[in-house]
Amino acid sequence: MRQNKTEENHRSSLMDLPTESSSSSTTKTRNCTGSELQSPLPDQVLENVLENVLHFLTSRRDRNAASLVCKSWCRAEALTRSDLFIGNCYAVSPRRATARFGRVRSVTIKGKPRFADFDLMPLNWGAHFSPWATALSKAYPSLEKVHLKRMSITDDDLILLAESFPAFKELVLVCCEGFGTTGLAAVASKCRLLRVLDLVESVVEVADDDEEVDWISCFPESQTHLESLVFDCVECPVNFDALERLIARSPSLRKLRLNRSVSISQLYRLMHRAPHLTHLGTGSFCASDEAMGVVGDQEPDYAAAFAACKSLVCLSGFREIWADYLPAIYPVCANLTSLNFSYADISADQLKPVICHCHKLQTFWVLDSICDEGLRAVAATCKDLRELRVFPVNAREETDGPVSEVGFEAISQGCRKLQSILFFCQRMTNAAVVAMSKNCPELVVFRLCIIGRYRPDPETQEPMDEGFGAIVMNCKKLTRLAVSGLLTDRAFSYIGMYGKLIRTLSVAFAGDTDLGLKYVLEGCPNLQKLEIRDSPFGDRALLSGLHHFYNMRFLWMSSCKLTRQACQEVARTLPHLVLEVINTEEDKVDGFEILYMYRSLDRPRADAPKVVTILH
């Protein structure tokens, strides 16, 4: 009975449709005349009031909860929702979504699960935007914003968006693929009110030289409404003269991230055109003979250009960098709240003169080439740091990497306001993780990725149980956790016992027995996303979550010890879940590499490739 009730709530909150008999009395009140208008029924008055109140409800979770109260609340919530969020493009059909919500102006859709970023999914797995583009173009003529993440989107899709929405203002594509400059040109030329065009870590198809479209030149020749232009992931060169003219006629532009085809001398010219920028991605932070744009041997005063940008609070890019040019950014460091060096292979000696000026820094992304010494410098200066990400230059399993528990613990001691950390390393101790849990109790996101398989505490040779246990015990606000290293069931029992707010859990190269996963599934009531790779969990662990899977957005398990029979049992027991088993090798018959399970209100998708089998 409890399971059925859970399923009912899930289906209602995710995407309920109004029933045919639920004709809105609100609409009747608006259209009626005479005595009906003068004497509205009490229910009609209440629905009018409810609609006005719900307009102020912005949280998706609060809106979903409101829609569960009763049918009239469900109708009113649907009528007043302007922002539509689809956490999984296969969780609901475009037809069903647009039928329920008729007044949407902003749409966010996510496609592939996160592990697709690590090349753990077949390239042709799916997440096609085309069905959504068709449905949106018919249902929402007033659509203004589209945000997509890990979706496959074609040039034809972009052309359809550009032609369908006269008031279109914002397009954000994160980790998307399949489109090229032809689609970008259509958006640039036809969306006259465009404010945001952000291409973030997406793969933009590069055509032959004679087919490449100069999309930058397609923006209107009149003054634009652009506020944000991000194209650092675009590999092909851009027309710099057209870009310079575009920025000159975009007085509202505040965010600009350039690709590596823009040299530092060209950056200098752009900064003079837009000294009002608040966010800048530098592109190639080095000179080139072809793009020097200077007279004789005289180089521009780059430091003066940065000094003139008094509103600059975020610096990123640096995909190609000459350390000799780093002093140019010193004048803005005192105002920076965000600094992204995650593409810049710089050393501690190169970093320290920069970071010593960054007293206001709240977000810092960097490569582990800065070593523990660089992390100590960050800890000594950045007392207001809220988010830190340390990425590996390479992920080879070395005995000792450039960063370790030394720099990690220094951060915990110096940056007590830390709320989010992603840390890649080759070694870590329980003592350092325990120190982090005590020094930074405000942590909401804790992701520790120990590169290598089942690595223990290098000093004690003990499992990492006590470190991760301390994190879930002491960090009461924790909602996202990633664990790795040598872990026993004790660590997972800690997570189940204390991780009551955890919504996303990632497990890589860790685990002991099925009991560990059972602790998590039975103990974490708010768990929404569970990602597991290269871990020893099997059928018993999977079946222990039958009571909770309807409450989750998805479960991903790759290179575990599952059998097809256990997956089939889950599919039969929970018919409104979709279970995809994925073979990365097409000729593999008995076993499978990946289980991807997600909730859905519609039939399983029809666009699955041959390597994907959907269980019924």
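Above this note sits the structure.
The rules behind these values
- Residues numbered from 1 in each chain as written.
- Predicted model: local features only at pLDDT ≥ 70, side-chain atom pairs only at ≥ 80, totals over all residues.
- Heavy atoms only, no water.
- Helix = DSSP H or I, 4+ residues; strand = E, 2+ residues; numbered from the N terminus.
- Contact = heavy atoms within 4.5 Å.
- Areas by Shrake-Rupley, 256 points an atom, 1.4 Å probe, with all protein chains shown as cover.
- Salt bridge = Lys/Arg side-chain N within 4 Å of Asp/Glu carboxyl O.
- Buried < 20%, exposed > 50% of the residue type's maximum accessible area, 1.4 Å probe, protein only.
- Axes fitted to C-alpha atoms, helices over the stretch in contact; angles between N-to-C directions.
- Nonpolar A, V, L, I, M, F, W, Y, C, P; charged D, E, K, R; others polar.
- Pairing = 2+ DSSP bridges.
- Right-handed = clockwise from strand over helix to strand, strands pointing away.
- Phe/Tyr/Trp six-rings, centres within 6.5 Å; stacked < 30°, edge-to-face > 60°.
- Polar contact = N/O pair within 3.5 Å; in protein donor to acceptor, adjacent residues only side chain to side chain.

## Observations concerning the overall build of the protein
If you tally the helices and strands in the protein, you get 23 helices and 25 strands. Within the protein, residue pairs in contact and separated by at least 24 positions form 71% of the contacts whose partners lie at least 6 positions apart. Counting only carbon and sulfur atoms, one obtains 50% of the accessible surface of the protein, whose full area is about 26,400 Å².

## As for the pattern of salt bridges
According to the stated counting rule, one finds 23 salt bridges in the structure shown. For the salt bridge of Glu-442 with Lys-477, the shortest nitrogen-to-oxygen distance reads 2.5 Å. Linking Glu-442 in the loop between α18 (430-439) and β18 (445-450) with Lys-477 in the loop between α19 (465-474) and β19 (480-483), this pair joins segments that are 35 residues apart in sequence. The partly exposed category is assigned to Glu-442, whose relative accessible area is 33%.

## Things to note about the packing of helix α5 (residues 60-67) against helix α6 (residues 71-80)
Following both chains from N to C, one finds α5 and α6 inclined at 145°, their axes separated by 7 Å at the closest point. Packed against α5, whose contacting residues are Arg-63, Ala-66 and Ser-67, the element α6 presents Trp-73, Cys-74, Glu-77 and Thr-80 at the interface. Across the contact of α5 with α6, the residue classes tally to three nonpolar, two polar and two charged.

## Notes on the pairing of strand β2 (residues 106-110)
Pairing of strand β1 (residues 83-86) with β2, which is carried by four bridges, proceeds in the parallel orientation. Paired with Phe-85 across the bridge in β2 is Thr-108. This β-α-β element, β1 to helix α7 (residues 94-100) to β2, shows right-handed connectivity. By the bridge criterion, five bridges tie β2 to strand β3 (residues 145-149) in an arrangement that is parallel. From the neighbouring strand, Ile-109 faces β3, where its bridge partner is Leu-148. As for the winding sense of the linkage, the β-α-β connection from β2 through helix α8 (residues 130-139) to β3 is right-handed.

## Remarks on the packing of aromatic side chains
Under the criterion given, the structure shown has 21 aromatic pairs. Relative to Phe-231, the ring of Trp-215 lies with its centre 5.7 Å away and its plane at 85°, an arrangement referred to as edge-to-face. With Trp-215 in the loop between β7 (203-205) and β8 (228-230) and Phe-231 in the loop between β8 and α11 (240-248), the pair connects residues that are 16 residues apart, well separated along the chain. Judged by centre distance (5.0 Å) and plane angle (70°), the ring pair of Phe-408 and Phe-423 falls under edge-to-face.

## Observations concerning the side chain of Arg-605
Within the element layout of this structure, Arg-605 appears in the loop between β24 (594-599) and β25 (612-615). Its relative accessible area of 10% is what places Arg-605 among the buried residues. A polar atom in the side chain of Arg-605 sits 3.4 Å from the side chain of Tyr-90. There is a polar contact of 3.0 Å between the side chain of Arg-605 and the side chain of Asp-607. Setting aside its immediate chain neighbours within four residues, Arg-605 contacts Tyr-90, Trp-125, Gly-126, Glu-580, Tyr-598, Val-612 and Ile-614.

## A closer look at the environment of Ala-431
Residue position: Ala-431 is located in helix α18. Considering only alpha carbons, one finds Ala-431 and Glu-405, 26 residues apart in sequence, at a separation of 8.5 Å.

## Section: unusual backbone geometry
Its identity is not glycine, yet Arg-150 carries a phi of approximately 55°, on the positive side. Along the polypeptide, Arg-150 turns up in the loop between β3 and α9 (155-164). Phi at Cys-371 is positive, roughly 65°, even though this residue is not glycine. With respect to the element layout, Cys-371 can be found in helix α16 (residues 371-381). Exposure remark for Cys-371: the relative accessible area of 31% places this residue in the partly exposed category.

## Section: the environment of Arg-257
Note that Arg-257 resides in strand β9 (residues 255-258). Sequence-wise, Arg-257 and Val-230 are 27 residues apart; in three dimensions their C-alpha atoms are separated by 4.6 Å. If we skip the residues at most four places from it in the chain, Arg-257 touches Leu-229, Val-230, Phe-231, Asp-232, Leu-280, Gly-281 and Ser-316.

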